Amino acid sequence: MNTLRALDDARAAIIACYVAMENSLAERGAARAVADTPDELLTRARETGITRGTAAARLTALFYEARFSSHPLDRSQRDAAARALDELAASLAETGAGV
Amino acid sequence: MTGDDVRAEDEGATVSPWRGAAPELIIAAVLVAVTAVAGYAMAGWAGLAVVAVATAAIAMVVLRALLPPLTPDREKKAREKPVTSPAGLLAMRKSLEHVEVSPDLLDYIVAIVTATRKDPQVQVGASPRGGLALVQLARGQAVLKQRDYVVPDDIKQVAVPALAHRVTLRPELWVRQVSSDDVVAKLLSAVPTPKTDPAARASGRDQAQAVTG
């Protein structure tokens, strides 16, 4: 029962990380259009120069698996999502300071 | 020394167009020259006739020289190995059933199919079979991308080939050169993809249960 809850927690945590990323992208002008897929949003964010590096892509890939598959997800994937979000936040803060 | 080299290269360059040419092309070139001389020498109607007949013959020779062989090369055929068997093909089709499609994505597919029926440019929208085709094609696309679950991108990528030919536009649009490909693509850019957080409502309910539990 505890293991099951931990698995569900990992899924929910990855999705929560992605939601946080989506919100911060929206604040910077790359809001998700209703008909966008996550990859389309990622492309837009890259083209407008909001995101650089691989953090956003890594988090998007984790989100896809968490959101659309029933694969069991574990702590390492949850941690990877959290790391990607931290990295992204740091790089967004830098670009923000640059502007 | 260098001058000789340059000359040799020049010669090579002038000769090279003929090196790979089929013998028929060389014959054709000779025929052209002979025809020109003969036509000039005979002049008048006879000359014209010679040129006309020879031109047709040359066209035939050139065409045959340029056509690839009609019968496949036997050796090449022997080297082609079958990539699968009939049973393999059926197994591949069957394997699509193991590709996961989340309920949200089925809703998304239904929304796309429904949108084809409601669009004012469309006279007859896609049938339920269109939706089925879209599901199966999206699953195939997922397999090609080495996934065992479908994502919205798979659906978007195959929706035009899956649905456009199943849609009949209003007759007046034929004149305006609007294709059903365009119409389905337009719908795809408007139909909402599944929302980011699947638990937006569900989790509220779960939390309520957790509280009562």
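Now for a description of the structure that goes with this document. Values in this document were obtained by computation on a predicted structure and should not be read as measured data.

### What about the overall build of chain A?
Reasoning step 1: For chain A, the helix and strand inventory stands at four helices and zero strands.
Reasoning step 2: Traced from its N-terminal end to its C-terminal end, chain A shows the element sequence α-α-α-α.
Reasoning step 3: Of all 99 residues assigned to chain A, the portion counted as buried reaches 39%.
Reasoning step 4: Within chain A, contacts between residues at least 6 apart in sequence are counted, and of these 64% link residues at least 24 apart.
Reasoning step 5: Here chain A displays about 5,300 Å² of accessible surface, and carbon together with sulfur accounts for 55% of that area.

### Some remarks on the overall build of chain B
Reasoning step 1: From N to C terminus, chain B includes 11 helices and two strands.
Reasoning step 2: When the helices and strands of chain B are read in sequence order from the N terminus, they spell out α-α-α-α-α-α-β-α-α-β-α-α-α.
Reasoning step 3: Looking at chain B as a whole, 28% of its 213 residues qualify as buried.
Reasoning step 4: On chain B, roughly 14,900 Å² of surface is accessible, and the fraction owed to carbon and sulfur atoms is 64%.

### Comments concerning the interface of chain B and chain A
Reasoning step 1: Of the residues lining the interface, 22 residues belong to chain B; the matching set on chain A comes to 19 residues.
Reasoning step 2: Around 1,600 Å² of area is buried between chain B and chain A when both sides are counted, 53% of it from carbon and sulfur atoms.
Reasoning step 3: On the chain B side of the interface with chain A, the three residues burying the most area are B:Y149, B:D153 and B:T196, jointly 37% of the side's total.
Reasoning step 4: Counting across the interface, chain B meets chain A through two salt bridges.
Reasoning step 5: B:D104 is paired through a salt bridge with A:R67; the nearest N and O atoms lie 2.4 Å apart.
Reasoning step 6: Put simply, chain B and chain A have 14 residue pairs in polar contact (both at pLDDT 80 or more) between them.
Reasoning step 7: At the level of secondary structure, the elements contributing two or more residues to the side of chain B that touches chain A comprise α6 (103–118) and α8 (152–163) of chain B.
Reasoning step 8: Top element by residues in the side of chain B that touches chain A is α8(B). It accounts for three residues.

### Some points on unusual backbone geometry
Residues and elements named next belong to chain B.
Reasoning step 1: Notably, Q146 is not glycine yet its phi reads approximately 60°, a positive angle.
Reasoning step 2: Position of Q146 among the secondary structure elements: in the loop between α7 (128–144) and α8.
Reasoning step 3: Under the relative-accessibility criterion, Q146 is labelled exposed at 75%.
Reasoning step 4: Here the phi dihedral of Q177 falls at roughly 60°; this positive angle occurs in a residue that is not glycine.

### As for the environment of A:S69
Reasoning step 1: Within the secondary structure, A:S69 sits in the loop between α3 (55–68) and α4 (75–98).
Reasoning step 2: Filtering out sequence-adjacent residues up to four positions away, A:S69 remains in contact with A:R11, A:Y64, B:E100 and B:Y149.
Reasoning step 3: A distance of 3.1 Å separates a polar side-chain atom of A:S69 from the backbone nitrogen of A:H71.

### Quick look at a nonpolar patch on the surface
Reasoning step 1: A contiguous nonpolar patch, built from B:I26, B:V30 and B:V34 and spanning about 250 Å² of accessible area, is present on the exposed surface.
Reasoning step 2: Mapped onto the elements, B:V30 comes out in helix α2 (residues 23–42).

### Some remarks on the packing of aromatic side chains
To describe a pair of aromatic rings, one takes the distance between the centres and the angle between the planes.
Residues and elements named next belong to chain A.
Reasoning step 1: All chains considered together, the criterion is met by three aromatic pairs over all chains.
Reasoning step 2: Judged by centre distance (3.9 Å) and plane angle (10°), the rings of Y18 and F63 are stacked. Taken as a pair, Y18 in helix α1 (residues 2–27) and F63 in helix α3 lie far apart in primary sequence, 45 residues in all.
Reasoning step 3: A relative accessible area of 2% means that F63 is categorised as buried.

### Regarding the pattern of salt bridges
Residue and element names in this part refer to chain B.
Reasoning step 1: The tally for this structure, following the rule as stated, stands at 10 salt bridges over all chains.
Reasoning step 2: With its nearest N and O atoms 3.7 Å apart, the salt bridge here joins K94 to E97.
Reasoning step 3: E97 gets classed as partly exposed once you look at its relative accessible area, which sits at 48%.

About the criteria used
Residues numbered from 1 in each chain as written. Chains lettered and ligands numbered in written order. Predicted model: local features only at pLDDT ≥ 70, side-chain atom pairs only at ≥ 80, totals over all residues. Heavy atoms only, no water. Helix = DSSP H or I, 4+ residues; strand = E, 2+ residues; numbered from the N terminus. Buried < 20%, exposed > 50% of the residue type's maximum accessible area, 1.4 Å probe, protein only. Contact = heavy atoms within 4.5 Å. Areas by Shrake-Rupley, 256 points an atom, 1.4 Å probe, with all protein chains shown as cover. Buried area = accessible area lost by both parts, 1.4 Å probe. Salt bridge = Lys/Arg side-chain N within 4 Å of Asp/Glu carboxyl O. Polar contact = N/O pair within 3.5 Å; in protein donor to acceptor, adjacent residues only side chain to side chain. Patch = residues over 30% accessible without salt bridge, like charges linked within 9 Å, V, L, I, M, F, W, Y side chains within 5 Å. Phe/Tyr/Trp six-rings, centres within 6.5 Å; stacked < 30°, edge-to-face > 60°.

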